[in-house]
Amino acid sequence: MSGAVNWLLDLLFPPKCVFCGKLLSRGELGFCGRCQKELPWLEGAAAERTGEFFELCASPLAYRDLVRDSIRRYKFKGRQGYHKTYGRLV
């Protein structure tokens, strides 16, 4: 889409943080600065899991609190636009 169309869409439907719902400031993509600092980030071995039906699953965030609520909104309440932010995180 063109810059003008994106600008108009942002004006009519301001982008919000996929985790806390706060309006995003200019330059923030998908989630706000506060969530960037406070989310339960995982690193190294803590971010990796193996299982019976898969060899490796990696996750940048622990599945709890705001993260769990956000994923539930995505899966069960039709917040399809969240996929862009989740994709960038992975």
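All values derive from a computational prediction rather than experimental measurement.

S.K.: Give a description of the overall build of the chain that names residues and reports values.
M.R.: Scanning the chain from terminus to terminus reveals four helices and two strands. Starting at the N terminus and walking to the C terminus, you meet the elements of the chain as α-α-β-β-α-α. Put simply, the chain has 90 residues, and 22% of those count as buried. In the structure as shown, the chain presents an accessible area of about 7,100 Å², 56% of it carried by carbon and sulfur atoms.

S.K.: How would you explain the packing of aromatic side chains if you had to name every residue and give the values?
M.R.: Within the structure shown, the criterion is met by four aromatic pairs. Judged by centre distance (6.3 Å) and plane angle (50°), the rings of Phe31 and Trp41 are tilted. Residue Phe31 is located in the loop between helix H1 (3–12) and helix H2 (33–38), and its partner Trp41 is located in the loop between H2 and strand E1 (48–49); the two are separated by 10 residues in the primary sequence. The class of Phe31 is buried, set by a relative accessible area of 11%. Judged by its relative accessible area of 34%, Trp41 is partly exposed. On the numbers, 5.3 Å between centres and 85° between planes, the contact of Tyr74 with Tyr86 is edge-to-face. Remark: Tyr86 occurs in helix H4 (residues 82–89) and Tyr74 occurs in helix H3 (residues 65–76); sequence separation between them is 12 residues. A relative accessible area of 16% means that Tyr86 is categorised as buried.

S.K.: Tell me about the side chain of Ser70, and please be specific about residues and values.
M.R.: Looking at the secondary structure, you find Ser70 in helix H3. Since its relative accessible area comes to 0%, Ser70 is described here as buried. Leave out the neighbours within four places in its chain, and Ser70 touches Val18, Phe19, Tyr82 and Tyr86.

S.K.: An account of the nonpolar core is needed here, citing residue identities and associated values.
M.R.: Counting residues in hydrophobic clusters, the biggest one holds 13 residues, and the most contacted among them are Cys17, Phe19, Cys35, Leu39 and Leu61. When residues in this core are grouped by element, the largest group, three residues, is from H4. Among all residues touching Cys35, those that are not within four sequence positions of it are Cys17, Phe19, Cys20, Trp41 and Leu66.

Rules behind the numbers
- Residues numbered from 1 in each chain as written.
- Predicted model: local features only at pLDDT ≥ 70, side-chain atom pairs only at ≥ 80, totals over all residues.
- Heavy atoms only, no water.
- Helix = DSSP H or I, 4+ residues; strand = E, 2+ residues; numbered from the N terminus.
- Buried < 20%, exposed > 50% of the residue type's maximum accessible area, 1.4 Å probe, protein only.
- Areas by Shrake-Rupley, 256 points an atom, 1.4 Å probe, with all protein chains shown as cover.
- Phe/Tyr/Trp six-rings, centres within 6.5 Å; stacked < 30°, edge-to-face > 60°.
- Contact = heavy atoms within 4.5 Å.
- Core = buried A, V, L, I, M, F, W, Y, C linked by side-chain atoms within 4.5 Å.

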